[in-house]
Amino acid sequence: MAVILVVEDEVFTRQIAEMMIQDWGHDTLSASDADEALSFLRSAQHIDALFTDIYLKDSVLGGCELAHQAIELRPKLRVLYTTGNFVTEKMKALFIEGAKCLRKPYTQDQLQNSLEALLAA
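Now for a quick tour of the structure. Because the structure is predicted, anything quoted here is derived from the model rather than measured.

**Some words on helix α5 (residues 108-120)**
With 13 residues, α5 extends 18 Å from end C-alpha to end C-alpha; this agrees with the ideal 18 Å at 1.5 Å per step. Here α5 has its buried residues at Leu-111, Ser-114, Leu-115 and Leu-118. Across the axial projection of α5, the buried residues extend over an arc of 95 degrees, all falling on one side. Facing away from the buried side of α5 by over 90 degrees, the exposed positions are Asp-109 and Ala-120. Residues of α5 that are buried in the fold lie against β1 (3-7), α1 (11-23), β3 (49-53), β4 (78-83) and β5 (100-103).

Quick look at the structure:
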């Protein structure tokens, strides 16, 4: 069982992702923006992976910047990005090494496979 920090500004999308992850036996922490996520990451809370939207509305930091700060705080943290937009090579250059990206809308199987591969790495 892993602990996944889910960072998504769209409430419904975040809740659905959390329900799917919890159905597979994992625990989730929920954040609607980078500041909330960083609070968890700065705490003593155990976190195995960060699942973050690349574009976070009303947030100074986007998902890529959040991931870089998260890795500074927790170097062994695994990162899975998500976005509904096309991922360009320029954007991929901002990704944390070893991170994966899941395109929205994703299916339950796609999310499960992506998280399982990430956690197994």
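So, next bit.
**Brief notes about the environment of Ala-37**
Mapped onto the secondary structure, Ala-37 falls in helix α2 (residues 34-42). Judged by its relative accessible area of 0%, Ala-37 falls in the buried class. For the pair Ala-37 and Leu-66, spaced 29 residues apart in the sequence, the C-alpha separation amounts to 8.1 Å. Setting aside residues no more than four positions away along its own chain, Ala-37 makes contact with Leu-5, Val-7, Ala-31 and Leu-66.

Criteria and cut-off values
Residues numbered from 1 in each chain as written. Predicted model: local features only at pLDDT ≥ 70, side-chain atom pairs only at ≥ 80, totals over all residues. Heavy atoms only, no water. Helix = DSSP H or I, 4+ residues; strand = E, 2+ residues; numbered from the N terminus. Expected span 1.5 Å × (residues − 1). Buried < 20%, exposed > 50% of the residue type's maximum accessible area, 1.4 Å probe, protein only. Arc of directions from axis to C-beta. Contact = heavy atoms within 4.5 Å.

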